[in-house]
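Now for the letters of each chain:
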Protein chains: 4
Amino acid sequence: MLRVGIVGALGYAGAELIRLLRGHPEVKLTILADKLEKPVALSSVYPQFRGKLDADIEPADSERIAQETDVVFLALPHKVSQEYVVPLYKAGKIILDLSADFRFDDVTTYEQTYGVRHLDPKLNREAVYGLPELFCEAIKKARIVAVPGCYPTSVILGCAPLMGKEYVDPHSIIADAKSGVSGAGRSPTPATHFPECNESLAAYSVAQHRHTPEIEEKLSALAGMPLRITFTPHLVPMNRGILSTIYVKLKSMVDEEAILKRYQQFYQEAPFVRVLPVNTLPNTRAVTCSNFCDIAIVVDARTQRLIVLTAIDNLVKGAAGQAVQCLNLMRGFPETAGLL
Amino acid sequence: MLRVGIVGALGYAGAELIRLLRGHPEVKLTILADKLEKPVALSSVYPQFRGKLDADIEPADSERIAQETDVVFLALPHKVSQEYVVPLYKAGKIILDLSADFRFDDVTTYEQTYGVRHLDPKLNREAVYGLPELFCEAIKKARIVAVPGCYPTSVILGCAPLMGKEYVDPHSIIADAKSGVSGAGRSPTPATHFPECNESLAAYSVAQHRHTPEIEEKLSALAGMPLRITFTPHLVPMNRGILSTIYVKLKSMVDEEAILKRYQQFYQEAPFVRVLPVNTLPNTRAVTCSNFCDIAIVVDARTQRLIVLTAIDNLVKGAAGQAVQCLNLMRGFPETAGLL
Amino acid sequence: MLRVGIVGALGYAGAELIRLLRGHPEVKLTILADKLEKPVALSSVYPQFRGKLDADIEPADSERIAQETDVVFLALPHKVSQEYVVPLYKAGKIILDLSADFRFDDVTTYEQTYGVRHLDPKLNREAVYGLPELFCEAIKKARIVAVPGCYPTSVILGCAPLMGKEYVDPHSIIADAKSGVSGAGRSPTPATHFPECNESLAAYSVAQHRHTPEIEEKLSALAGMPLRITFTPHLVPMNRGILSTIYVKLKSMVDEEAILKRYQQFYQEAPFVRVLPVNTLPNTRAVTCSNFCDIAIVVDARTQRLIVLTAIDNLVKGAAGQAVQCLNLMRGFPETAGLL
Amino acid sequence: MLRVGIVGALGYAGAELIRLLRGHPEVKLTILADKLEKPVALSSVYPQFRGKLDADIEPADSERIAQETDVVFLALPHKVSQEYVVPLYKAGKIILDLSADFRFDDVTTYEQTYGVRHLDPKLNREAVYGLPELFCEAIKKARIVAVPGCYPTSVILGCAPLMGKEYVDPHSIIADAKSGVSGAGRSPTPATHFPECNESLAAYSVAQHRHTPEIEEKLSALAGMPLRITFTPHLVPMNRGILSTIYVKLKSMVDEEAILKRYQQFYQEAPFVRVLPVNTLPNTRAVTCSNFCDIAIVVDARTQRLIVLTAIDNLVKGAAGQAVQCLNLMRGFPETAGLL
C-alpha cells in the first residue's frame, strides 16, 4: 500500500481527496495536514467523516510529512504550495500539486499572472501538466505533476480535439464558464455569503481571470501557434459543477457528425470523457461527485460556429479526482482506480 | 382611472402584472381572466394577494372583457393570444400583448418560427414592438404593442448602441444568456421539477431557440443590414433574473471609455437602463423585482473583443414591467408610473 | 414631511428600512448612517438602489443625526444600539430601535441574556415593545419603541390569542422555528458560507437561544403567569422568511372552528395578520417582502394538541416593516402607510 | 454473486438502489424494471450512469423478473408494489419492499391509512419491518422485508432508546420533521415546481400524514403501550436530507450525560448510527449520500423537556441504503457491505 499524505486537508479539494483516497484500493492515508497552529479533528470540520475516518488534521511540517509518506497531494493556495513542494520533492516524494505553482511551462507567465516569484524554476521544468487525456505518457513518467483546476480542465478538454484542425479558426475561441460556489473555496467572503450569492448570478474577473494565461499556454502548444482566448467566469448559486459553453468559428462548414466523430476518436481511450450523442446536452448534475467530463457539440450552421459544451464537477475532475487519476497513471494502477 | 384587464392572470407574468398594476396610480384593475372553465380565487393560486386583492380569475370571454376594460394586457402563450387580441382590438381596446404573436415585422418569420398561422397579418403591421428604449415614439402612437420577452430584451438592449458603429463587426454577435426558472412558466415539467433543476446547470435549445429570429430581425433593422447571431440560453437554479453575456468583435480598437460614453449617451433618456460605471459588473439580484436593465461593458483588449453584460428581472423588464412601461408611453403617463 | 434617519444602514434590516421608507408618503430620508470610518456609496453596497437613491451611508455621529432628523430608526447590534439611542432620545428624537436593548421590561433579564450592562434602565422603562397587534395603544403614546425581531414576532403572534384561555395549557408551548439565512445578518461567517448552508439544514442554539427569555417575558405578561417555553431555531437554505410551528397542549378538547374564530376576532383590527381559512397552510413565499403575518391553526384531535403555524418575512414583519408600522401608529398615519 | 433485480428503477429510490448495488461486492444487477410500456435507456433518465451502467429499464414482468433474479428490490408506490411482491415471493425470491404495503403489523391500520385493500394479509404476517437497528435478528431470518421510509426511520431511531424508560412520558412525543424535495418523488407537481418550492418553506399534511400510524405502531410496540404522537412534516428547498426535531417530556429530571450514555449503549452495535458528542448538532449535509443517521440530544432543563435531533439522507438511510443494509443482514454479508 502506498503511504499517502494530504497537505491542505482543510479545504474543499482536500476533503474531496480524503473522500476519494479513502476508497482507493492501493493507498493508505497516513497523514492529513494543513497550515495550522495545532491539530483539529477532521470530523469537527467535515462531520461527514465521523465514524469513517476519525483522524486529526495536523500542522503541516514538511519533515514529518516526508517521513510518513511516499506520495503527497498538496491542495494549498498558490505560492504557499511551492514552499512545501520543493522540500518534499527533494526528500524523494512523489508530488501531486493542485495549486498553480507548477502548471506553467513559462515561469515568467506564472510570475506575472500570480504576482509572485517562483521558488524553483528548475524543478518547474520537471513538472508535468496533469491533464491525463492529453499528457498521459508524460504523466506516467513524472515524479511531480501540476494538476490543473476546474476552469482550465473544462475549457481545454472542450477545445483540444479542434486544435490543429484546418476547419477551425483557433483565434476565435470564446469560453463562457459557469461555476458553482464551492469553486471559490472554504473561506467565507461577502461574495459567497449565502444571502448575497443565492438567487443571484454574476460574471466576475471579466477579461482578466488568471486562468486565462494557463488555458492559452496549453491550447497554444496543442495548436502549434500562439493563441489568445476570451474567457468569462460566472458564479452560479449551486454548490458544485462547472458548465463551459465554448464558441469557435468554423473556417469551412463541417457537419456535426464529422466533428462528433473527431471528438469520439480523440477521447476513445479516455475513461472519464463522455462524448454525448447528438441532441444530448450535458448538465452539471450528471457529473456531480464523479470524475467524468461530459462533452457535447452543436454546429450552428446559420452562423458557421461550433458550440462545445462541457460539464465537470469542479472538485473532482476539476481538482481531487483528476489528481487521483494522475497518481494512477504515475504508479501504473488502473486509470480508474478509486474513481468509479 | 383607466379600466384595465389582464388575460392570462394565472401565469407568472400575469401575477406580476397584477402586482404592478395594483400599485399604478392611473389604473383600476377591472377584470382578471384566463383560459378556465370556472372562476378560481386569485389568493388560492397566489396567496401573496390575500387581503390585498381578493378577486377571482375568471374564464376569459372576449366580449365581457371588452365591456369592462379600456386596456387589455394579454399574458398568454403564443397562438392562443392572437385569438383574444384580434376581437379585443376590433372592439376598440388598447392592447398590450406579451406573447410572440405580434412581435415580428415579417409574418412569415413568425409562422416559420412558431409553426402556426398568423390570424391577422394586417393587424400585425399596426403592432409596434414594445421596447421603449428603442421605439418610444412609435409606442406612444400605437394602439397595439407586442411586448418583447426576457431574452430579446436583455440581448437587444445590450447590443443596440453598437449597431451601425463602424468599429464593431455586427456579424460577430454571440449572446450567452442565463435565466432563472420562472422564465419557463408556471406549468410543472420534468425539467423544472425541483430535484432536477436545483443544483444543476444546463444549456438548452442550443442554436435553435425561437427567440433568435426575433432578436435578429430587430438588430438587423438597427444595423441596417441582415445579421445572424448565435444565441445560447441556459437554465440556472434561481427563481428570477436573466444575465446575458454578449461577445462582439471589434474591427478596430476602441477604448472602454469611449464605448461606455456611447452607451451612456444612447440610454441617457432611458429611466430604466443603468449603464454601470467602469469596473462594476451587473448581477441579477440588483434588478430583482425591478424594471431596471443593468448594463456593463468590458473591452478585452488582448483579443479585441467587447463583452457586454446585461441583467434584468425576466418577469419585470422581461415581461410585465416592460408592458406597463409601454402603457405609460401610450397614455402619456410618466414613463416610470407604477414602476418605482 | 417627517425627517427620518437610519442608523445601521449597512445591514439587511437597514436596507429594508431604506426600501420601505423611500416609498412612504409622509417621510423624507435625510440621513443614512452606520458605524464607519468614512462614507460609502449606498449603491456600492446595495446596487438595487442605483438610480433610485444615490446617497452615501455616513459615519454615525449622534449630534449630526440629531440635527437632521425628527425620527431615527436604529438597526444596530444590541449593546451598540443603546450608545446611540440614549443621546438621540435626549436630543428629543423619536426612536425606533430594532435591537434588543430596550425590549425587556426586566433589565436584569436583558443583562443576563446578553451579558452586557444596560446604559439607561430608566429610559428602558419608557420604551414600549413594538408589536402593534398587541400594544397598539401604548405604541401610539410612545416616544421610544423597541421593535421585536423575527423569532419573537412569529412566536408571540402565534400564541397571543391563546394566552389566558382555559382550554390551553400555557406551560406546554413548544415553538419549532425555521429561518432563512438573511436572519443571520450581512457579515460572512462559516455557517452562512454558501457551500456550507446551501443544501443543508440544521438546528442551532437548541434550548439556549437568547430570544427565548424575550418571548417568555411577553407571553407571561399576556397569560398573567410566569411561563417557560421550548424554542428551537433552525437555519434553512433560503434567503428570507420564518415559519414557526408551535405546539400547545389542549386541556380540554375545543374544535378547530372555535379556535379559528378566536384568532379571527383577536386579529380583526390587525391589517397585517391574515388568519388563514380552514385547510389552508401558510408558506413563507406568500409573505416575502410583505409585512403580513400568515397564521393557520390545526387541531390534532388524536393527541389533543393545537398546532399553530405562522409565516412572516424576517426582514419586514420581523424587522423593518414592523418598525415602520410602529412609526405609523406613533405619528397617527394610517397603520399601513408605506407598507402595501 | 447474488442476482438482484430492481423494480421501480425510474424513481429516485430506484436510482439510489442502482448506485449502491453497482458498488456492492456480493451482488450482480441482472434486471432493472418499472411500470413501462417499452424499455428506456437508464442513461436517458439518469445521465450520471452513462458509461458506468449502460442498461435499459424494462417493462416490469413478474415472471421474467423471477427467472433472472434471486433477490428483488421493489421501489414502487404503495398498492402497486404488492401486485409484484406476492407473485415474486411465491416464486421463491427474497423480497425487499420499499413501499408501505407490508410495513404494518396490523393490516387494518394499513387499509385505513392508505385506503386500499391488502392483497395478502397472510404474507403480511411474514414480513419483517426493515429497521436493522431495532429488528436485526428478525431481519436475518426473514425472506420478505418491508423497508421503512424516510420519516419513520428518522423519528423511530430518535425515539427508540427512550421507549420503556420511566423518566420519559411516552405520550408526549412531538416530531417536527423537515424534508428535502426529493422525498416527494420524481413526478413533477405544482408543489415541487422549482419556482414554487424554491425560496419557500411550508408544512403539509399537518396532523394527518400517513406515516404517523406507522411510527405509532412501531413505537407502541417498543414502549409496550399504545402511543399517539404528533408528527408534522415540512418541505425544505433542498434536494436531500431529513432533519427531525423531536420533543419529549421528562417525567423526572435526568441529566444530558445519562441520556447520552443511554443512546450510546443502545446504538453501540449499530454501524450506521452516530450518536453525536455533547454540544454537537446534526446537519443534513453531514449525512448526504450516506447511510448514516446522526443523532444528538439536548436537555432543556428549564422546561424539563428532551430534544432529540436526527439527520438522515432520505434516499439512503431513508430508502435505498436501508434496504441494502437489510439485504446484508438477510444474507449474512457484513452489515456495511456496499454502504461505506
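Calculation criteria
Residues numbered from 1 in each chain as written. Chains lettered and ligands numbered in written order. Predicted model: local features only at pLDDT ≥ 70, side-chain atom pairs only at ≥ 80, totals over all residues. Heavy atoms only, no water. Contact = heavy atoms within 4.5 Å. Buried area = accessible area lost by both parts, 1.4 Å probe. Salt bridge = Lys/Arg side-chain N within 4 Å of Asp/Glu carboxyl O. Polar contact = N/O pair within 3.5 Å; in protein donor to acceptor, adjacent residues only side chain to side chain. Nonpolar A, V, L, I, M, F, W, Y, C, P; charged D, E, K, R; others polar. Least-squares fit on C-alpha atoms with pLDDT ≥ 70 in both. Buried < 20%, exposed > 50% of the residue type's maximum accessible area, 1.4 Å probe, protein only. Helix = DSSP H or I, 4+ residues; strand = E, 2+ residues; numbered from the N terminus. Disulfide = S-S within 2.5 Å. Pairing = 2+ DSSP bridges. Axes fitted to C-alpha atoms, helices over the stretch in contact; angles between N-to-C directions. Domains from an automatic or database assignment.

1. Quick look at the interface of chain D and chain A
Part 1: Contact with chain D, which involves 18 residues of that partner, is made by 18 residues of chain A.
Part 2: Considering only the surface of chain D that becomes buried against chain A, D:Arg50, D:Lys52 and D:Arg274 emerge as the three largest contributors, covering 33% of it.
Part 3: If you look at where chain D meets chain A, you find 0 salt bridges.
Part 4: The interface formed by chain D and chain A includes 6 residue pairs in polar contact (both at pLDDT 80 or more).
Part 5: Across the side of chain D that touches chain A, the residue classes tally to 7 nonpolar, 5 polar and 6 charged.

2. Some thoughts on the relation of the copies chain D and chain A
Between the two copies of the chain lies a relationship made up of a rotation around an axis and a movement along it.
Part 1: In the superposition of chain D on chain A (RMSD 0.0 Å, axial shift 0.0 Å), the rotation amounts to 180°. Given the turn and translation reported, the copies of this chain are related as if by a two-fold rotation axis. Across chain D, the smallest distance between a C-alpha and the rotation axis is recorded for D:Glu199, namely 4.3 Å.
Part 2: Both copies present the same face, since 100% of the interface residues in chain D are matched by interface residues at the equivalent positions in chain A.

3. Let's talk about helix 8 (residues 150–159) of chain C
Part 1: In terms of burial, helix 8 of chain C is a largely internal element, 10 of the 10 residues being buried.
Part 2: Inspection of helix 8 of chain C places C:Cys150, C:Tyr151, C:Pro152, C:Thr153, C:Ser154, C:Val155, C:Ile156, C:Leu157, C:Gly158 and C:Cys159 among the buried residues, and these make up the whole buried set.

4. Brief notes about the relation of the copies chain A and chain B
Part 1: Screw-axis analysis of chain A against chain B gives a translation of 0.0 Å along the axis, an RMSD of 0.0 Å, and a rotation angle of 180°.
Part 2: A shared binding surface is used by both copies, with 100% of the interface residues of chain A retained as interface residues in chain B.

5. Observations regarding the environment of B:Gly11
Residues and elements named next belong to chain B.
Part 1: When you line up the elements, Gly 11 lands in the loop between strand 1 (2–7) and helix 1 (12–22).
Part 2: Along the backbone, Gly 11 and Leu 76 are 65 residues apart, and their C-alpha atoms lie at a distance of 8.0 Å.
Part 3: Setting aside residues up to four positions removed in sequence, Gly 11 forms contacts with Asp 34 and Tyr 46.

6. Description of the state of the cysteines
Part 1: Overall, the coordinates contain 0 disulfides over all chains when judged by the stated rule.
Part 2: Among the cysteines around A:Cys293, which has no disulfide bond, A:Cys159 carries the closest sulfur, lying 11 Å off.
Part 3: Left without a disulfide partner, D:Cys136 is nearest to the cysteine sulfur of D:Cys326, which lies 9.4 Å away.
Part 4: Judged by relative accessible area, which is 21%, D:Cys136 ranks as partly exposed.

7. Focus: the sheet that holds strand 5 (residues 71–74) of chain D
Residues and elements named next belong to chain D.
Part 1: Ordered by their spatial adjacency, 8 strands build an open sheet running 3-4-2-1-5-6-8-7, and the pairing between neighbours is mixed. For this open sheet the edge positions go to strand 3 (40–41) and strand 7 (128–129), each flanked by a neighbour on one side alone.
Part 2: As judged from the 4 bridges shared by strand 1 (residues 2–7) and strand 5, these two strands associate in the parallel manner. When the bridges of strand 5 are listed, Val 4 appears paired with Val 71.
Part 3: Along the sheet face, helix 12 (residues 316–331) touches strand 1, strand 2 (27–34), strand 5, strand 6 (94–97) and strand 8 (144–146) and points at about 155° away from the line of strand 6.

8. Here's the deal with the domain arrangement of chain A
Residue and element names in this part refer to chain A.
Part 1: One can read the domain layout of chain A as domain 1 (2–147 + 319–331) and domain 2 (151–312).
Part 2: Computed from C-alpha atoms alone, the centre-to-centre distance between domain 1 and domain 2 is 25 Å.
Part 3: Counting from both sides, the interface comprises 21 residues of domain 1 and, opposite them, 23 residues of domain 2.
Part 4: Overall, the association of domain 1 and domain 2 removes approximately 1,900 Å² of surface from exposure, summing both partners, and the carbon and sulfur fraction of that is 57%.
Part 5: In this structure, the connection of domain 1 to domain 2 is made through 3 salt bridges.
Part 6: The partner of Arg 240 in a salt bridge is Glu 16, and the shortest N-O contact between them spans 2.5 Å.
Part 7: Within the residue set of the side of domain 1 that touches domain 2, elements represented by two or more residues are helix 1 (12–22), helix 5 (107–114), helix 7 (132–141) and helix 12 (316–331).
Part 8: Residues belonging to the side of domain 1 that touches domain 2 are distributed by class as follows: 9 nonpolar, 6 polar and 6 charged.

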